Amino acid sequence: MSGTSLDGVDAALIETDGEAIEAFGPSLYRPYSEAERGLLRAALAAGTEITERSDRTGILGEAETLINQSHAETVENLLKMAGVRPSHVDVVGFHGQTVIHKPAIKLTVQLGDGPWLAERLGIAVVHDIRAADIEAGGQGAPVVPVFHRALAGAGKLPEPAAILNIGGVANVTWVGPGGDLNAFDTGPGNALLDDLMRARNGQEFDKDGEIARRGTTDKSVLYALLTSDFFAKKPPKSLDRFHFHEKALTAVAHLSTEDAASTLVDFTAATIALSVQHMKEAPKRWVVAGGGARNLAILAALRERIAVPVSTAEDMGWSIDALEAQAFAYLAVRSLKGLPNTYPSTTGVPTPVSGGVLAGPKSSSGNRMAVR
């Protein structure tokens, strides 16, 4: 997984039949260098001009080469570390790097060449997982709720429960009785805070939320940001990483770095709390995953606004960092079996869709291990 935070590549081994999660294997993180992050940021900027999914001109082609090579290296190193032969892996789930996501015009582009990766690794690869949902009329996001449901079952969470992923954008999965699902993007995640840190002091992120915790939220700015129509809009709904970028960073431009960070943290937390209005019933417990689960300022702001227990994935014995990588391994197995990955209640697609494109030979080893 290479997410919108552009920090690096996460890879993880899991054992699954596409329904139950039988075992979590090891995981590996490969950070991007500053030069690589710069290339990917340039690709994100260029991505706003994409009109054709196949466009890989200029910087987009360079970035795709980086995505391909960095993911191949990470998978190879993970297998070596784990002592697992490529022939013992049934499938790789390859998300790629999102550079534009505009479901209203049926456009989502993830850089990454699935057939190239399959040839390099000698393992079947399921890629382009979002496209089928978009083509069928869905939002193409979020796509991991079916994995969240499996986690909730394995963790015996009370029903209903909410599993919240805070990456560049935040999304929530509501898991109700009988595995009933509802999911949608809630609003900004870490992206605004990361961009503020980079612009103000050259840091990639606010480690542990330390800078935000020293600041004071500007309530008038916060309330102005919360007036966006997006938060009142009923699901299904999803966001591009840059949806709030210009408005939010302009709104906090006059504040000190500490106060701006605090205000953006509260913006993320407040929009997550607002998401309860779109759920059938308020969750009895929240579990937070993604990079935001390590931001103590975000966690504190959430706990102020949510009146039930808020845990982290780590509290549950899950991996905060590898959870999305594990999810796409799981989705790849479901894709191989033709099982649905997205539903009307998660992306708004008219009927359940499996999705994903298979590249390379399908393994006949009989094992059920997948790496993403």
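Draft legend 1. The arrangement of the overall build of the protein in detail. Counting its secondary structure elements, the protein contains 13 helices and 13 strands. Taking 372 residues into account, the globule formula puts the C-alpha radius of gyration at 21 Å, and the protein, at 19 Å, falls close to it. Summarising its shape, the C-alpha atoms of the protein cover approximately 60 × 50 × 40 Å along the three principal directions. Split into buried and exposed, the 372 residues of the protein put 57% on the buried side. Partitioning the intrachain contacts of the protein with sequence separation of at least 6 by distance along the chain shows that 71% fall at a separation of at least 24. In the form shown here, the protein has an accessible surface area of approximately 14600 Å², with 52% of it arising from carbon and sulfur atoms.

Draft legend 2. Spatial organisation of the pattern of salt bridges. For the structure shown, the criterion picks out 18 salt bridges. Residue Glu64 is joined to Arg56 by a salt bridge in which the shortest nitrogen-to-oxygen separation is 2.8 Å. Here Arg198 and Glu204 are joined by a salt bridge, their closest N and O atoms 3.3 Å apart. Taking the relative accessible area as the measure of exposure, Glu204 reaches 18% and is therefore buried. The structure contains a network of salt bridges with shared partners spanning Glu34, Arg37, Arg41, Asp195, Arg198, Glu204 and Arg241.

Draft legend 3. Quick look at the packing of helix α11 (residues 257–274) against helix α12 (residues 296–305). One can describe the packing of α11 onto α12 by two numbers: an axis separation of 9 Å at closest approach and a directional angle of 40°. When the axis of α11 is compared with that of α12, the two are oblique. Along this stretch, α11 crosses α12, giving a crossing that reads as right-handed. Contacts between α11 and α12 pair Val265, Asp266, Ala269, Ala270, Ile272 and Ala273 from the former with Ala297, Ile298, Ala301, Leu302 and Arg305 from the latter. Here the contact of α11 with α12 is built from residues that sort into nine nonpolar, no polar and two charged.

Draft legend 4. Main features of the sheet that holds strand β9 (residues 181–188). Sheet architecture is open: five strands sit in the order β9-β8-β7-β10-β11, paired in mixed fashion. Two strands lie at the open edges of the sheet, namely β9 and β11 (310–312), each paired on one side alone. For this sheet, the mean angle separating the axes of adjacent strands, direction not counted, is 25°. Of the strand pairs in this sheet, strand β7 (residues 161–166) and strand β10 (residues 285–289) are connected by five bridges, and their pairing is parallel.

Draft legend 5. A look at the packing of aromatic side chains. Per the counting criterion, the structure on display carries six aromatic pairs. Summarising the aromatic geometry, the rings of Phe147 and Tyr330 are spaced 5.4 Å apart at their centres and angled 55° between planes, so their arrangement reads as tilted. Separated by 183 residues along the polypeptide, Phe147 in helix α5 (residues 145–154) and Tyr330 in helix α13 (residues 323–337) bring together distant segments of the chain. Residue classification places Tyr330 among the buried positions, given a relative accessible area of 2%. Aromatic pair Phe244 and Phe267: ring centres 5.6 Å apart, planes at 90°, arrangement edge-to-face. Note that Phe244 is positioned in the loop between α9 (229–232) and α10 (245–251) and Phe267 in helix α11, a separation of 23 residues in sequence. We note that Phe244, like Phe267, is buried.

Draft legend 6. Fine view of the environment of Leu6. Note on placement: Leu6 falls in the segment before β1 (8–16). For Leu6, the contacting residues outside a window of four places in its chain are Tyr32, Arg37, Leu40, Arg41, Leu44 and Gln97.

Draft legend 7. Local environment of the nonpolar core. Leu164, Ile166, Leu196, Trp286, Val288, Leu302 and Trp318 are the most contacted members of the largest nonpolar core, which totals 77 residues. Residues Ala11, Leu66, Val89 and Val92 belong to the second largest nonpolar core, which totals 33 residues.

Draft legend 8. Representation of the confidence of the model for the protein within the structure. For the protein, the average pLDDT comes to 94, and 97% of its residues sit at 70 or higher. Taken as a whole, residues 363–369 scores under 50 in pLDDT and shows 22 contacts with residues more than four places along the chain or in a different chain.

Draft legend 9. Quick peek at the environment of Val288. Turning to its location among the elements, Val288 is positioned in strand β10. The class of Val288 is buried, set by a relative accessible area of 1%. Between the alpha carbons of Val288 and Arg149 there is a distance of 14 Å; along the sequence they are 139 residues apart. Look past the residues within four positions of Val288 in its chain and what remains in contact with it is Leu164, Ile166, Ala293, Leu299, Leu302, Val310, Ser311, Thr312 and Ala313.

Rules behind the numbers
- Each chain carries its own residue numbering, running from 1 in the direction its sequence is written.
- The model is predicted, so local features are restricted to residues of pLDDT at least 70 and side-chain atom pairs to those at 80 or more, both for listing and for counting; the totals for chains, interfaces and linings are taken over all residues.
- Side-chain metrics in this entry use all non-hydrogen atoms of the structure; hydrogen atoms and water are not considered.
- Numbering of helices and strands runs from the N terminus; a helix is a DSSP stretch of H or I covering at least four residues, while a strand is a stretch of E covering at least two.
- The globule rule is 2.2 Å times the number of residues to the power 0.38, and the radius of gyration it is compared with is taken over C-alpha atoms.
- Partly exposed residues are those whose accessible area sits between 20% and 50% of the maximum for their type, while under 20% is buried and over 50% is exposed, using a 1.4 Å probe and protein chains only.
- Any two residues whose heavy atoms approach within 4.5 Å are treated as being in contact.
- All accessible areas in this document rest on Shrake-Rupley with a 1.4 Å probe, and a residue is counted as covered only by the protein chains that are shown.
- We define a salt bridge as a contact between a side-chain nitrogen of Lys or Arg and a carboxyl oxygen of Asp or Glu at a distance within 4 Å.
- Interaxial angle, 0 to 180 degrees, is taken between N-to-C directions of lines fitted to C-alpha atoms, where a helix line uses only the stretch in contact.
- The scheme is simple: roughly parallel for angles under 35 degrees, roughly antiparallel for over 145, roughly perpendicular for 65 to 115, oblique for anything else.
- Left-handed describes a crossing in which the near helix is turned anticlockwise from the far one by less than a right angle; the clockwise case is right-handed.
- Under the grouping applied here, Gly and all other residues not named as nonpolar or charged are polar, the nonpolar ones being Ala, Val, Leu, Ile, Met, Phe, Trp, Tyr, Cys and Pro and the charged ones Asp, Glu, Lys and Arg.
- A strand pair is defined by DSSP finding two or more bridges across the two strands.
- Classification of ring pairs rests on two measures: the distance between centres of Phe, Tyr or Trp rings, Trp counted by its six-membered ring, which must be within 6.5 Å, and the angle between planes, read as stacked under 30 degrees, edge-to-face over 60 and tilted in between.
- In this text, buried Ala, Val, Leu, Ile, Met, Phe, Trp, Tyr and Cys residues form a nonpolar core when linked through side-chain atoms within 4.5 Å.
- What pLDDT conveys is the predictor's confidence in a given residue, as a value from 0 to 100.

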